[in-house]
Amino acid sequence: MSIDHSTCGSVLWKSAFSSLPLNKLKTVCDPLRLRLRRLSLSLLSLPDHFTLHLTTRSKMAMEVTQVLLNAQSIDGTVRKHAEESLKQFQEQNLPIFLLSLSAELANEEKPVDSRKLAGLIIKNALDAKEQHRKFELIQSWLQLDGGFKSQMKNYLIQTLTSPVADARSTASQVVAKIAGIELPQKQWPELIGLLLSNIHQLPPHSKQATLETLGYLCEEVSHDVVDQEHVNKILTAVVQGMSSSENNVEVRLAASRALYNAIGFAQANFSNDMERDYIMRVICEATLSPEVKIRQAAFECLVSISSSYYEKLSAYIPDIFNITAKAVREDEEVVALQAIEFWSSICDEEIDILEDYGGEFSGDSDIPCFYFIKQALPALVPMLLETLLKQEEDQDLDEGAWNIAMAGGTCLGLVARTVGDDIVPLIMPFIEGNLSKPDWRQREAATYAFGSILEGPSPEKLVETVNAGLHYMLNALTNDPNSHVKDTTAWTLGRIFEFVHGSAVDTPIITPANCQQIITVLLQSMKDAPNVAEKACGALYFLAQGYEDVVSSSPLTPFFQEVVQSLLAVTHREDSGESRLRIAAYETLNEIVRCSAEETTPMVLQLAPVIMNELHHTLEAQKLSSDQREKQNELQGLLCGCLQVIIQKLTSSEPTKYVFMQYVDQIMGLFLRVFVNRNATVHEEAMLAIGALAYASGPDFAKYMPEFYKYLEMGLQNFDEYQVCAVTVGVVGDICRALEDKILPYCDGIMTHLLKNLSSNQMHRSVKPPTFSCFGDIALAIGQNFEKYFIYAMPMLQTAAELCNHTSGADDELIEYTNLLRNGILEAYSGIFQGFKNSPKVQLLVSYVPSILQFLDVMYMEKDMDEVVMKTAIGVIGDLADTLGNHAGSLIQHSLSCKDLLDECISSEDPLLKESAEWAKLAITRAISV
């Protein structure tokens, strides 16, 4: 429920201040900045209780007001000077700076614009998107003098009663930001009580601001920080404010939005039948409010409840269906969208449950599936089909378009995934009845319905219908007069080829009889309007993907050259920048090459110099405008990606690899020139392509390292574009595997950067798992020479292992990240053990065995390992035994979980996991017998 406060002033504030490095601020020279500097210095000498004289207060307020107004001036020079003045004031004396801004915000005599910007600047001084910056701001606030903070808070609480809505709303957000910092530290304990005590005795506008503050507070603070007594009181105040007995619309809206944020706090309340009934009744009543925004907020609450308390909804589903159906059919679009979203959310929950539990629910299952969608199916499907007829004329041309028809189709797709085959007989009459109607809306809706349900039902259930409709689809894509119908038809063909085509489907829908027609129609459609052509590329992409397991001869082989030429022609269209067309064409070209059969290899070989020439051409362009430069960067990234696929394809077999290697010097030269242009996307794609080139070149890649190393270092130090850094770390692994001990001259620099990255709180966490894994790659490449880095790497691995073994109560996202981190740590251990094997340095490992086994024990007992981690863990157990012999054998035998983990993996249906476990068990047996 966050409100967009991207006003002119706040944007200017952020952009101006973020562009001024702390060590390069200009000298304070203009009169305004000199006054502010004198002011902040004079305030430094205040007594402890900072009792300001009236004249000093007036002077401070006057000057801050003018600076804040100037910071929003349309005159660029005035604005810049004001922003620099504020920046200088903030750096010289943060407490006085924040106090003066909070006084400005609270002062009813000040202009609205200066008050609002004052509040937003305070907010930006408390929070940031980047985690390292956020941490710094939190520490800075916590270190401020309590007296300053207390007076600031008084100003903020006072502002909640302001008659000016913008001032109240800004103060609400600032109060919540401070609460988000202080409540977890057991500070400002009186805040919630103060807000709750005020709510019953304030005028309506102040009550509205207090409810808004409570909502923001619930958004900022974790539910376990607030005790249950306060939770109960917050929910009582919010739900009462939302009820139909509240006559003030703004109060009721604020309460409705606050409840949305407070739902995560209500576990205990939703476990109580009476309290849950009361909350649900008030929300359902609010969905019938005369005010659109209140109805929208009420449905948003229902959506949140559907995911947070799915298992508590049985008693309410019939009533919820009635109110959502009424909203979808009769209400404003913003409300109808949320009503549809409720059912999409229920689908998401049931899909997750069915995937997690496999549809088998015992009496002690924590979250059984109630099959709400299956029960509602006969009424839900017709309601959703009606929405498909509410298209907008220009929806295909707007990439960000979202309307009732799109939401209904998306929900229909989720319903199909939830109930599978059961949806097919319910939807076919609609498709058959509308597919040939003269009204384009009916034809498009029927096609959209068909495309939406293709994921979920079994291919066997769909094959007959698909075969019957395929000829119609191809004809419509060629001849239908309406662009919307063509767009949806091409998308539906892509869905057919994605879900009802390929080696997993017993009855093929692509036959010698229709293959040529399909290719001809798709290639013809790639000349259509950009939105249609983009969908045609997508259909061709999935058509090719269906043959990726074909080795010798594919039905697409006779058309390979024609398809490639057509895709290259698309990339050169003047309008290829529209509807992602150029991106789609290159992605499809990549998939055509990747999935091509062996007999097309000579044609792929001919494609290599064509793409190289295209890349060379982009590097020759001079004096480009910013818009042209942006398009050029995108094209360079796409071409590097295409070359990566070509490299991987042509080097996968020795005969073509030998021929292809003649191009390697030229390709590497192009990639090195690409790095001169500092663009994150291009660097990422070029790095990935170089990784493929290194893998193909093997030890011969060493000749490129002197020139390439500086760009490798640049990537490892790229904290801002962390995806580039993560990819670069992966490329280091590729190069280690290619060069083996020839990487040694570069290891000091590489390891220094890797260790520095792990120690930095500025590095995005996603870079850490591949970084740990890279330790293993380096150790494996240089063997016992890794000893010099060993004393730094092992403590870091141990610390990370300890941190990632406390996942109880973690959400799915954190568990997923933890498994990535575990896998990186385990791969590091595995590489280090294998690298030291059969060397005198192996004794260095012995003292670390107990902690590694403890890591494995705790990880196994957490019961949240994914299969990748399990396989790597088994490998580490085997490496321990294989490398250390009897030094590790007895310790492994006494491990709490190694035997159970091995037994579990040996009985696995995954042949690779089973093979790894059997090897590890054999290694342990050998180690014990030594």
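Residues numbered from 1 in each chain as written. Predicted model: local features only at pLDDT ≥ 70, side-chain atom pairs only at ≥ 80, totals over all residues. Heavy atoms only, no water.

- Looking up the chain in an unreviewed UniProt entry gives the name Importin N-terminal domain-containing protein, with the organism given as Kalanchoe fedtschenkoi.
- What UniProt records for the chain under Sequence similarities (unreviewed entry) is the sentence "Belongs to the importin beta family. Importin beta-1 subfamily."
- Quoted straight from UniProt, the Subcellular location (unreviewed entry) entry for the chain says "Cytoplasm". (UniProt positions renumbered as here; feature names shortened; annotations may be inferred.)

### Let's talk about the overall build of the chain
- In terms of regular secondary structure, the chain is built from 44 helices and zero strands.
- Its C-alpha atoms put the chain at 90 × 75 × 70 Å along the principal axes.
- When burial is assessed residue by residue, the chain has 54% of its 930 residues classed as buried.
- For the chain, the exposed area adds up to about 41,300 Å²; of that, 51% sits on carbon and sulfur atoms.
- Once the 74 positive and 120 negative side-chain charges of the chain are each reduced to a mean point, those two points are 8 Å apart. (Helix = DSSP H or I, 4+ residues; strand = E, 2+ residues; numbered from the N terminus. Buried < 20%, exposed > 50% of the residue type's maximum accessible area, 1.4 Å probe, protein only. Areas by Shrake-Rupley, 256 points an atom, 1.4 Å probe, with all protein chains shown as cover. Lys, Arg positive; Asp, Glu negative; His and termini not counted. Charge placed at Lys NZ, Arg CZ, Asp CG, Glu CD.)

### Remarks on the confidence of the model for the chain
- Here the chain averages 88 in pLDDT, while 91% of its residues score no lower than 70.
- Per-element confidence in the chain is highest for helix H16 (residues 292-308), whose mean pLDDT is 97, and lowest for helix H1 (residues 8-18), whose mean pLDDT is 34. (pLDDT = per-residue confidence, 0-100.)

### Here we look at helix H24 (residues 483-499)
- Its 17 residues place the ends of H24 24 Å apart at the C-alpha level, agreeing with the 24 Å of an ideal helix rising 1.5 Å per residue.
- Among the 17 residues that make up H24, 13 are buried, leaving the element largely enclosed by the rest of the structure.
- Of the residues that open H24, the one with a side-chain oxygen 2.8 Å from the backbone nitrogen of His 484 is Asn 482. (Expected span 1.5 Å × (residues − 1). Polar contact = N/O pair within 3.5 Å; in protein donor to acceptor, adjacent residues only side chain to side chain.)

### Observations concerning the nonpolar core
- If you look at the biggest cluster of nonpolar residues, it comprises 308 residues, and the most contacted ones within it are Phe 497, Phe 708, Phe 775, Ile 778 and Phe 786.
- If you tally residues by element for this core, the top one is helix H18 (residues 333-357), at eleven residues.
- No fewer than three residues from each of domain 1 (313-393 + 400-439) and domain 2 (786-929) sit in this core. (Core = buried A, V, L, I, M, F, W, Y, C linked by side-chain atoms within 4.5 Å. Domains from an automatic or database assignment.)

### Some thoughts on the side chain of Gln 644
- By the secondary structure assignment, Gln 644 is in helix H30 (residues 626-650).
- By relative accessible area, which is 16% here, Gln 644 ends up buried.
- If we ignore the near neighbours within four places in the chain, the residues touching Gln 644 are Glu 685, Leu 688, Ala 689 and Ala 692. (Contact = heavy atoms within 4.5 Å.)

### Here's the deal with the domain arrangement of the chain
- For the chain, the assigned domains read domain 1 (313-393 + 400-439) and domain 2 (786-929).
- A straight line from the C-alpha centre of domain 1 to that of domain 2 covers 45 Å.

### As for the UniProt feature "domain: Importin N-terminal" (unreviewed entry) in the chain
- UniProt annotation of "domain: Importin N-terminal" (unreviewed entry) refers to residues 82-162 when read in the numbering used here.
- Strand forms 0% of residues 82-162 and helix 78%; the C-alpha atoms that close the span are 27 Å apart.

### Re the pattern of salt bridges
- A complete count under the given rule lists 40 salt bridges for this structure.
- In this structure, Glu 108 and Arg 115 form a salt bridge, with 3.0 Å as the shortest nitrogen-oxygen distance.
- Among the residues examined, Glu 108 registers a relative accessible area of 40% and is labelled partly exposed.
- Measuring nitrogen to oxygen at the nearest pair gives 3.7 Å for the salt bridge that ties Glu 587 to Arg 580.
- For Glu 587, a relative accessible area of 37% puts it in the partly exposed group. (Salt bridge = Lys/Arg side-chain N within 4 Å of Asp/Glu carboxyl O.)

### Observations regarding the packing of helix H25 (residues 515-525) against helix H26 (residues 530-545)
- The contact between H25 and H26 brings their axes to 8 Å, and the two run at 145°. The hand of the H25/H26 crossing is left-handed. In this structure, H25 contributes Ile 518, Ile 519, Leu 522, Leu 523 and Ser 525 to the contact, and H26 contributes Val 532, Ala 533, Ala 536, Ala 539, Leu 540 and Leu 543.
- Among the residues making up the contact of H25 with H26, the classes are represented as ten nonpolar, one polar and no charged. (Axes fitted to C-alpha atoms, helices over the stretch in contact; angles between N-to-C directions. Left-handed = near helix turned anticlockwise from the far one by under 90°. Nonpolar A, V, L, I, M, F, W, Y, C, P; charged D, E, K, R; others polar.)

### Points about the packing of H18 against helix H20 (residues 404-419)
- Following both chains from N to C, one finds H18 and H20 inclined at 20°, their axes separated by 9 Å at the closest point. Of the possible angle classes, the one that applies to H18 and H20 is roughly parallel. Note on packing geometry: the crossing formed by H18 with H20 is left-handed. Residues Glu 333, Ala 336, Leu 337, Ile 340, Trp 343, Ser 344, Cys 347, Asp 348, Glu 350, Ile 351, Leu 354 and Glu 355 of H18 pack against Ile 404, Ala 407, Gly 408, Cys 411, Leu 414, Val 415, Arg 417 and Thr 418 of H20. (Parallel < 35°, antiparallel > 145°, perpendicular 65-115°, else oblique.)

### As for the side chain of Gln 208
- Structurally, Gln 208 can be placed in helix H11 (residues 204-220).
- At a separation of 3.2 Å, a polar atom in the side chain of Gln 208 contacts the side chain of Arg 168.
- Not counting the four nearest positions on each side in its chain, Gln 208 is found in contact with Arg 168, Glu 250, Val 251 and Ala 254.

### Quick look at the packing of aromatic side chains
- Using the criterion set out here, one finds 19 aromatic pairs in the structure.
- Consider the rings of Phe 89 and Phe 97, whose centres lie 5.4 Å apart with planes at 80°: the pair is edge-to-face. Each of the two residues, Phe 89 as well as Phe 97, counts as buried.
- Taken together, a centroid distance of 6.1 Å and an interplanar angle of 45° make the contact between Phe 675 and Phe 708 tilted. Of this pair, Phe 675 sits in the loop between helix H32 (664-674) and helix H33 (680-697) while Phe 708 sits in helix H34 (residues 705-716), and the two are 33 residues apart along the sequence.
- The class for Phe 675 is buried, based on a relative accessible area of 1%.
- Given a relative accessible area of 0%, Phe 708 falls into the buried group.
- Aromatic ring contacts, followed pair by pair, group Phe 675, Phe 701, Tyr 704, Phe 708 and Tyr 711 into a single cluster.
- Residue placement shows Arg 765 over the ring face of Tyr 817; its charged tip is 4.3 Å from the ring centre. (Phe/Tyr/Trp six-rings, centres within 6.5 Å; stacked < 30°, edge-to-face > 60°. Lys NZ or Arg CZ within 6 Å of the ring centre and 35° of its normal.)

### Observations regarding the environment of Val 78
- Following the sequence through the fold, Val 78 ends up in helix H4 (residues 76-92).
- The class for Val 78 is partly exposed, based on a relative accessible area of 31%.
- Considered as a pair, Val 78 and Val 67 are eleven residues apart in the sequence and their alpha carbons are 9.3 Å apart.
- Discounting residues that sit within four places of it in the chain, Val 78 has contacts with Asn 70 and Ser 73.

### A few points about helix H22 (residues 440-452)
- Helix length check: H22 (13 residues) gives 18 Å between terminal C-alpha atoms against 18 Å at 1.5 Å per residue, within 8%.
- In terms of burial, H22 is a largely internal element, eleven of the 13 residues being buried.
- Those residues of H22 not exposed but buried are Trp 440, Arg 443, Glu 444, Ala 445, Ala 446, Thr 447, Tyr 448, Ala 449, Phe 450, Gly 451 and Ser 452.
- On its buried side, H22 packs onto helix H19 (372-387), H20, helix H21 (424-434), helix H23 (459-479) and H24.
- The distance from a side-chain oxygen at the start of H22 to the backbone nitrogen of Arg 441 is 3.0 Å, and the residue carrying that oxygen is Asp 439.

### Some words on the state of the cysteines
- Applying the stated criterion across every chain, the model contains zero disulfides.
- A disulfide-free cysteine, Cys 301 has its sulfur positioned 11 Å from the sulfur of Cys 284, the nearest such atom.
- With a relative accessible area of 0%, Cys 301 lands in the buried category.
- Looking at the unpaired Cys 898, the closest cysteine sulfur is the one in Cys 905, lying at 11 Å. (Disulfide = S-S within 2.5 Å.)

### Examining the environment of Ser 289
- Its place among the elements puts Ser 289 in the loop between helix H15 (273-286) and H16.
- Once the C-alpha coordinates of Ser 289 and Ser 244 are considered, the two residues, 45 residues apart in sequence, prove to be 7.9 Å apart.
- If near-sequence neighbours (up to four positions away) are discounted, Ser 289 is found in contact with Arg 252, Ile 294 and Arg 295.

### Focus: a negative patch on the surface
- On the surface, a cluster of negative charge is made up of Glu 341, Asp 348, Asp 352, Glu 355, Asp 356, Asp 811, Asp 812, Glu 816, Asp 866 and Glu 867.
- Among the elements of the structure, H18 and helix H39 (812-836) are those that each provide at least two residues to the negative patch.
- Mapped onto the fold, Glu 355 is located in helix H18. (Patch = residues over 30% accessible without salt bridge, like charges linked within 9 Å, V, L, I, M, F, W, Y side chains within 5 Å.)

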